[in-house]
Amino acid sequence: MEMSFRRLPDNQHEILVRARKGPDVRLPAQPVGPTVPHDLVHAVVETALGIEDGFWGATARGATFQGFELVTPGRHRRSGLKVLRQDGDAVMAAELSVNWAYRAWRGPSTDGRGVGPAPLDADAPARTGPRLDAAAARWAAVPEGGELLWRWGSDR
């Protein structure tokens, strides 16, 4: 599966997802956030930690998440929902793991009151941090109108 993260004006981006089980999908313009698109963070962290049943793994298997649109309208919505019913708990666990790894990378405290227990082991930041650094540098180099291509399961 290949994801294209396109940089848009006003700190926005869009995503086109191709070569997955199911039809191609796109996420229309969304805010980038403080550093990199949230879904790019998912790709980086899920790959670094070997999470195959998270957001992007489910997407590769045909899940269609809220906000994503079919590139070519068709009758594939139900099959995408079936994947989500099967993988929903794993996708939510991956969301927590990705958010924790991103928080550790950005610098805010990952422990203490209101943060809760870490969903990952203590070595996770060493596995995710350098890859997030590399992805952030790649994203920063993308000019407006340009794209960052990412292949699911790799760091490219």
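Structural data are supplied above this passage.
Report on the accompanying structure. Note that the coordinates shown come from a computational prediction; the quantities given were computed from them, not determined experimentally.

1. So, the side chain of S97
Considering the arrangement of structural elements, one finds S97 in helix α3 (residues 77-106). Sequence-distant contacts of S97, defined by excluding residues within four places in its chain, comprise V45, I51, P119 and L120.

2. Focus: the packing of aromatic side chains
Applying the stated rule across the entire model yields five aromatic pairs. A centroid spacing of 4.8 Å and a plane angle of 80 degrees characterise the contact between F55 and W56, whose relative ring orientation is edge-to-face. Take W56: its relative accessible area is 0%, and that puts it in the buried class. Aromatic side chains F55 and F65 sit 4.5 Å apart centroid to centroid with 40 degrees between the ring planes, which places their arrangement in the tilted category. One end of the pair, F55, is in helix α2 (residues 55-60); the other, F65, is in the loop between α2 and β4 (69-70), and ten residues separate them in sequence. What makes F55 buried here is its relative accessible area of 8%.

3. Some thoughts on the pairing of strand β1 (residues 2-8)
A large share of β1 lies buried, amounting to six of its seven residues. As judged from the seven bridges shared by β1 and strand β2 (residues 12-18), these two strands associate in the antiparallel manner. Counted as the bridge partner of R6 is E14 from β2. Pairing of β1 with strand β5 (residues 147-151) involves five bridges; the strand directions are antiparallel. The residue bridging E2 from the neighbouring strand is R151, located in β5.

4. Concerning helix α1 (residues 38-49)
When the terminal C-alpha atoms of α1 are compared, their 16 Å separation across twelve residues agrees well with the 16 Å that a helix rising 1.5 Å per residue should span. Directly beyond the C-terminal end of α1, a positive phi value near 70 degrees is found at G50.

5. Side note on the side chain of D39
Relative to the assigned elements, D39 resides in helix α1. Here D39 occupies a buried position and makes no salt bridge, while the nearest side chain of opposite charge, R20, is found at 12 Å. Those residues in contact with D39 that lie beyond four places of it in its chain are F5, I15, L27, F55, W56 and F68.

6. Digging into the packing of α1 against helix α4 (residues 124-140)
Interhelical geometry of α1 versus α4 gives an angle of 145 degrees and a closest axis separation of 9 Å. In the packing of α1 onto α4, the handedness of the crossing is right-handed. Seen from α1, the contacting residues are L40, V41, V44, V45, T47, A48 and L49; seen from α4, they are A124, R127, T128, R131, L132, A135 and W139.

7. Looking at the pattern of salt bridges
Under the definition given, this model contains seven salt bridges. We note a salt bridge from E2 to R18, for which the minimum N-O separation is 2.7 Å. Of this pair, E2 sits in strand β1 while R18 is found in strand β2, placing the two residues 16 residues apart along the sequence. Overall, the relative accessible area of 16% leaves E2 in the buried class. Note that E147 is salt-bridged to R6, the shortest N-O span being 3.6 Å. Here E147, found in strand β5, pairs with R6, found in strand β1; they are 141 residues apart in sequence, far enough to count as distant. When salt bridges that share partners are traced, they join R6, E14, R26, E69 and E147 into one network.

8. Considerations on the sheet that holds β5
If you trace the five strands from one edge of the open sheet to the other, you get β4-β3-β2-β1-β5, paired in antiparallel fashion. Either end of the sheet is taken by a strand with one partner, and the two such strands are β4 and β5. Sheet contacts for α1: β1, β2, β3 (25-31) and β5; angle to β5, the most-contacted strand, approximately 30 degrees. In the packing of α4 onto the sheet, contacts are made with β1, β2 and β5, and the angle to β5 comes to roughly 145 degrees.

What counts, and at which threshold
- Residues numbered from 1 in each chain as written.
- Predicted model: local features only at pLDDT ≥ 70, side-chain atom pairs only at ≥ 80, totals over all residues.
- Heavy atoms only, no water.
- Helix = DSSP H or I, 4+ residues; strand = E, 2+ residues; numbered from the N terminus.
- Contact = heavy atoms within 4.5 Å.
- Phe/Tyr/Trp six-rings, centres within 6.5 Å; stacked < 30°, edge-to-face > 60°.
- Buried < 20%, exposed > 50% of the residue type's maximum accessible area, 1.4 Å probe, protein only.
- Pairing = 2+ DSSP bridges.
- Expected span 1.5 Å × (residues − 1).
- Lys, Arg positive; Asp, Glu negative; His and termini not counted.
- Salt bridge = Lys/Arg side-chain N within 4 Å of Asp/Glu carboxyl O.
- Axes fitted to C-alpha atoms, helices over the stretch in contact; angles between N-to-C directions.
- Left-handed = near helix turned anticlockwise from the far one by under 90°.

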